[in-house]
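# A structural walkthrough
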Amino acid sequence: MLSGHVIGLLKEYMRDLVEQAAQEQAAQERFGFAAAAYRPDQALSDLLALLDDRIESEGMQVGLPEGFLHDMWTLCNEAGPQVTDRVYVEANVGSDPAGKARTRELTYRALLEFIEARGRAQSQREAES
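Let me sum up the structure you'll find in this document. (Residues numbered from 1 in each chain as written. Predicted model: local features only at pLDDT ≥ 70, side-chain atom pairs only at ≥ 80, totals over all residues. Heavy atoms only, no water.)

In terms of regular secondary structure, the chain is built from 4 helices and 0 strands. Each of the three principal axes of the chain carries a C-alpha extent, and together these read 55 × 35 × 20 Å. Counting only residues that meet the buried cut, the chain has 33% of its 129 residues in that class. Within the chain, counting contacts between residues at least 6 apart in sequence, those at least 24 apart form 82% of the total. A total accessible area of about 8,100 Å² is found for the chain, and carbon and sulfur atoms account for 52% of it. Put simply, the chain has 13 plus and 22 minus side-chain charges, and the middle of one group is 4 Å from the middle of the other. (Helix = DSSP H or I, 4+ residues; strand = E, 2+ residues; numbered from the N terminus. Buried < 20%, exposed > 50% of the residue type's maximum accessible area, 1.4 Å probe, protein only. Contact = heavy atoms within 4.5 Å. Areas by Shrake-Rupley, 256 points an atom, 1.4 Å probe, with all protein chains shown as cover. Lys, Arg positive; Asp, Glu negative; His and termini not counted. Charge placed at Lys NZ, Arg CZ, Asp CG, Glu CD.)

Written out as structure tokens, the structure is:
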């Protein structure tokens with residue numbers, strides 16, 4: 001189970017990635033480039049790459065636990081199919097195709113909900129034992 005502090009850091013990193021994607025998309029549109037397809041598995045990989053970078057540069061200073069990257073890697077692997085299915089459904093509800101920023105936003109929201117549901121289930125199991 002992840003602490004509130006770690007969840008807060010994850011949300012901050014996720015916001016950074018969504019904002020970065022929005023800026024990239026705006027720059028591409030300004031120059032007339034078409035956006036390439038972007039999938040939830042790519043969004044999860046980008047999150048893991050960012051976490052690896054941040055852990056190397058500031059991990060201990062911001063309070064990320066040891067083994068956090070490995071735990072997140074495992075968590076993303078477990079959540080991947082469920083997250084992908086959810087993003088597919090949500091991204092295809094409207095008439096506008098989901099770009100990189102929207103795909104990241106939907107992916108990270110689904111991942112956070114997966115983490116929260118897993119934490120509730122773990123707490124319930126502990127309470128029952």
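The next subject is helix α3 (residues 68–91). Spacing of three or four residues puts side chains on the same side of an α-helix, whose turn is 3.6 residues. A rise of 1.5 Å per residue sets the reference length of α3, with its 24 residues, at 34 Å; its end C-alpha atoms lie only 29 Å apart and thus fall more than 12% short of the reference. Bending of α3 peaks at approximately 50° at the position of Gly-80, with proline Pro-81 no more than four residues after it. (Expected span 1.5 Å × (residues − 1). Bend = angle between axes of the 7 residues up to and from the residue.)

To continue, consider the nonpolar core. Leu-10, Leu-47, Leu-51, Met-72 and Leu-111 are the most contacted members of the largest nonpolar core, which has 33 residues in total. Of all the secondary structure elements, the ones that give two or more residues to this core are α1 (4–30), α2 (40–62), α3 and α4 (100–128). Here this core gets 9 residues from one element, more than from any other, and that element is α1. Excluding its chain neighbours within four sequence positions, the residues that come into contact with Leu-51 are Leu-10, Tyr-13, Phe-68, Leu-69 and Met-72. (Core = buried A, V, L, I, M, F, W, Y, C linked by side-chain atoms within 4.5 Å.)

A separate point is the pattern of salt bridges. Side chains that differ in charge, positive against negative, can pair when their charged atoms come close. According to the stated counting rule, one finds 10 salt bridges in the structure shown. Where Glu-105 meets Arg-102, a salt bridge forms, and the shortest distance between an N and an O atom there is 3.5 Å. With Glu-105 and Arg-102 both in helix α4 and 3 residues apart, this pair spans about one turn of that helix. We classify Glu-105 as partly exposed; its relative accessible area is 33%. (Salt bridge = Lys/Arg side-chain N within 4 Å of Asp/Glu carboxyl O.)

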